[in-house]
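Structural overview for review
In case you want the letters, here they are:
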Amino acid sequence: MTAVYRIAEKKCATCRWWTGERGLDFRANKPFYVKTASAPAPCLAKRATTTPANTCLRWSAWEKLP
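Model, not experiment: these values are computed from the prediction.

Calculation rules
Residues numbered from 1 in each chain as written. Predicted model: local features only at pLDDT ≥ 70, side-chain atom pairs only at ≥ 80, totals over all residues. Heavy atoms only, no water. Helix = DSSP H or I, 4+ residues; strand = E, 2+ residues; numbered from the N terminus. Buried < 20%, exposed > 50% of the residue type's maximum accessible area, 1.4 Å probe, protein only. Polar contact = N/O pair within 3.5 Å; in protein donor to acceptor, adjacent residues only side chain to side chain. Contact = heavy atoms within 4.5 Å. Phe/Tyr/Trp six-rings, centres within 6.5 Å; stacked < 30°, edge-to-face > 60°. Lys NZ or Arg CZ within 6 Å of the ring centre and 35° of its normal.

1. A look at the side chain of threonine 14
- With respect to the helices and strands, threonine 14 occurs in the loop between strand E1 (2–6) and strand E2 (22–27).
- By relative accessible area, threonine 14 is classed as buried at 0%.
- Engagement of the side chain of threonine 14 in a polar contact is seen with the backbone oxygen of glutamate 9, the distance being 2.6 Å.
- Residues within four places of threonine 14 in sequence aside, it is in contact with Arg6, Ile7, Glu9, Arg22, Val34, Trp59, Ser60, Ala61, Trp62 and Leu65.

2. Things to note about the packing of aromatic side chains
- As enumerated under the stated definition, the model contains one aromatic pair in all.
- Look at phenylalanine 32 and tyrosine 33: their rings are 4.8 Å apart centre to centre, the planes differ by 85 degrees, and that puts the pair in the edge-to-face class.
- The class for phenylalanine 32 is partly exposed, based on a relative accessible area of 32%.
- Sitting over the ring of tryptophan 17, arginine 16 keeps its end group 5.1 Å from the ring centre.
- Above the ring of tryptophan 62, the side-chain terminus of arginine 22 is found at 4.0 Å from the ring centroid.

Right under this line is the structure:
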């Protein structure tokens, strides 16, 4: 399954520490959505496996986002 998150959401899918496979969807030549598989993936900050919908206090914007 595919999950879609807005770039402004503070979710694992938009975090620099989450290592899951993901891509960007653009609107007017700017990143608007992050698309990812809904499968869990390792988080480098927590040293645990998390889903893209999780949140935590260590969230930091993914470097590909504005």
